[in-house]
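# Architecture and fold: a report
Below are the chains, spelled out letter by letter.
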Amino acid sequence: MSTSLLATWKKELDNKGKYPAYKRIAELINENIESGKLQPQDKLPPMRDLAEALGINYSTASRAYSEAKKRGLIDTTTGAGSFIKGKVPAVKPSLAPYEMTMNLVIEPSIPTLLEELKDGALSSIASADLLSSIRYQDFGGSPETKQCFLGLIKRRVMNATLDRVVSCPGIHSGLVALVTQLCSNQQIICVDSLTYPGIKTIAAQLGKTLFSLERDSDGPLVNAFEDACKTHDVAALYINPTMQNPTSASISKSRREALADVALLFSIPIIEDDAYGLISHDSAPTFATLAPELTYYINGLSKCFGPGMRTGFILCPTHRKAEYTAGALRSLNVMENPIMHTIVCRWINEGTLDHMIQAIKREANARQVMIKETLKIHSVSMEENAFHFWIKLPKHLGWNPSDLATKLRSLGVNAVSSAAFATDNNPPQALRICFGGPSSRQHCQEQMTILSELLNQPAHLARVMY
């Protein structure tokens, strides 16, 4: 950090009046990050040096760094010092082939199941009132569609009611509507320091600010969320608590309860993305169960059936909030596809959806056995029924996750670097690997063998990555 910048800070503090110096220093760090004068990984002076340069006492310098850390501006590592975290990087949609970056659901190639899907779809179209279906529709779903979706929601949220259900054209569209509706330009949305890349893309497109919450193996830290609520104007907490993308882990009941308590204390809306809930065996209560008056619960068929269906649903906190959400969706999408709803509801009511879910889970767990054996010497996080896993890379080998992911994708392995999921400019040495999609079990084994060989033969890796 330059002496000229410290000199500017001292002038600012000399003119601060009665405003607490430690808070002003935290604000100066934020202002300098916004202006680009401080960049991610820039090292800040030791507290004693800061105190001497600014003419303040050591305890004030210590409080200033603590305040900056609470605001998500810096990281402090014992023995190394304090470093700038920077702003959450904006993420634009990738131009890479979708199948090599998306977390694709397993597609079971079971002839009888495929026939069941086809028969249900054809029967739905044959019996539909086609003239009504091609007219403009009320947004948010017909009563029949919402009743159908309510049955799925009640598998995860027992206290759900029909008047709070809104349908949407996929989870992603629902998230766009919720972010648009809940967050003003002056507010922030709290997110896990490892999160679904879609929320980063949405925030970048809409010009919204994400605030990274420090995490441990059980998800976002409660103290980090509480500190954010105290120091910022928080619009919402976005969280993916079950079979999280990318780590595959589910947040414990106690951590969910503690985070919900903070949200209730500060009246912070919760956006609960339960995309994997219908295929998970997670028994912890949903946030919509713990804090129904604050939670927008969103789910869909992308991760338990197929992403091409573009069918999702939101359980809103109240009937009035459901009306607002339907209005936001209408302004973004005009209307949904009633023919698609007719087909999907037929599949749900006749049990086809459940047959697909069971087939996905069986195949996922069969592949997991193979993967665990192939990668048994590596640090792999993979929850039962999941079709993605999180693998930590040994730090001593010095691999760059982004370079390794690029190389793996060129070899046909669906790998994504931790940088795609990080919201704190400090991505861990890790990759997310998806083993779903249309590939066979044999193809999956070949992909995992390629991954294992690259991880186990660093000399070979060095030759191919130049």
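It should be noted that the structure appears before, not after, this text.
A brief look at the structure comes next. (Residues numbered from 1 in each chain as written. Predicted model: local features only at pLDDT ≥ 70, side-chain atom pairs only at ≥ 80, totals over all residues. Heavy atoms only, no water.)

### Focus: the packing of helix α1 (residues 3-14) against helix α2 (residues 21-35)
Contact geometry of α1 with α2 gives a least axis separation of 11 Å together with a crossing angle of 135 degrees. In terms of their interaxial angle, α1 and α2 are classed as oblique. Judged by the twist between their axes, the crossing of α1 over α2 is right-handed. On α2, the residues touching Leu5, Trp9, Glu12 and Leu13 of α1 are Ala21, Arg24, Ile25, Leu28, Ile29 and Asn32. In the contact of α1 with α2, the residues fall into seven nonpolar, one polar and two charged. (Axes fitted to C-alpha atoms, helices over the stretch in contact; angles between N-to-C directions. Helix = DSSP H or I, 4+ residues; strand = E, 2+ residues; numbered from the N terminus. Parallel < 35°, antiparallel > 145°, perpendicular 65-115°, else oblique. Left-handed = near helix turned anticlockwise from the far one by under 90°. Contact = heavy atoms within 4.5 Å. Nonpolar A, V, L, I, M, F, W, Y, C, P; charged D, E, K, R; others polar.)

### Points about the sheet that holds strand β12 (residues 379-381)
Spatially, four strands are ordered β12-β13-β15-β14 in an open sheet, and the strand pairing comes out antiparallel. With partners counted over all chains shown, the strands left at the sheet margins are β12 and β14 (414-417), one partner each. The average undirected angle you get between the axes of adjacent strands in this sheet is 25 degrees. Sheet contacts for helix α16 (residues 401-410): β14 and β15 (430-434); angle to β14, the most-contacted strand, approximately 165 degrees. (Pairing = 2+ DSSP bridges.)

### Side note on the packing of aromatic side chains
Here the structure, examined in full by the defined rule, presents five aromatic pairs. Relative to Phe387, the ring of Tyr276 has its centre 6.0 Å away and its plane inclined at 50 degrees; by these criteria the two rings are tilted. Linking Tyr276 in the loop between β9 (270-273) and α12 (287-290) with Phe387 in the loop between β12 and β13 (388-392), this pair joins segments that are 111 residues apart in sequence. With relative accessibility at 2%, the residue Tyr276 sits in the buried group. For Phe387, a relative accessible area of 0% corresponds to the buried category. If you follow Arg48 out to its NZ or CZ, it ends over the ring of Tyr58, 4.5 Å from the centre. (Phe/Tyr/Trp six-rings, centres within 6.5 Å; stacked < 30°, edge-to-face > 60°. Buried < 20%, exposed > 50% of the residue type's maximum accessible area, 1.4 Å probe, protein only. Lys NZ or Arg CZ within 6 Å of the ring centre and 35° of its normal.)

### Focus on the pairing of strand β3 (residues 165-168)
Covered by surrounding structure in β3 are Val165 and Ser167 together with Val166 and Cys168, the residues of both alternating faces. When β3 meets strand β11 (residues 312-315), the two strands line up antiparallel, connected through four bridges. From the neighbouring strand, Ser167 faces β11, where its bridge partner is Phe313.

### Points about the sheet that holds β9
The seven strands are arranged β3-β11-β10-β9-β8-β4-β5 in an open sheet whose pairing can be described as mixed. Since the sheet does not close on itself, it has two edges, and those belong to β3 and β5 (209-213), each with one partner. The average angle at which neighbouring strand axes cross in this sheet is 25 degrees, direction not considered. When strand β10 (residues 295-300) meets β11, the two strands line up antiparallel, connected through four bridges. Looking across to β11, one finds that Gly300 is bridged to Gly312.

### A closer look at empty space enclosed by the protein
Considering all chains together, one arrives at two cavities of 30 Å³ or more under this definition. As a volume, the largest cavity reaches approximately 50 Å³. If you go around the largest cavity, the residues you meet are Asp192, Leu194, Thr195, Arg215, Gly219, Pro220, Tyr238, Ile239, Asn240, Gln244 and Ile251. Among the secondary structure elements, those contributing two or more residues to the lining of the largest cavity are β7 (219-220) and β8 (234-239). Taken as a whole, the second largest cavity spans an internal volume of roughly 40 Å³. Around the second largest cavity sit Arg215, Ser217, Asp218, Gly219, Gln244, Thr247, Ala249, Ser250 and Ile251, which together line it. A class-by-class count of the residues in the lining of the second largest cavity yields two nonpolar, five polar and two charged. (1 Å grid on protein atoms, 1.4 Å probe; cavity = no way out; pocket = protein on both sides within 12 Å on 5 of 7 lines; lining within 4 Å. Points joined across faces, edges and corners; volume = space filled by probe spheres on them.)

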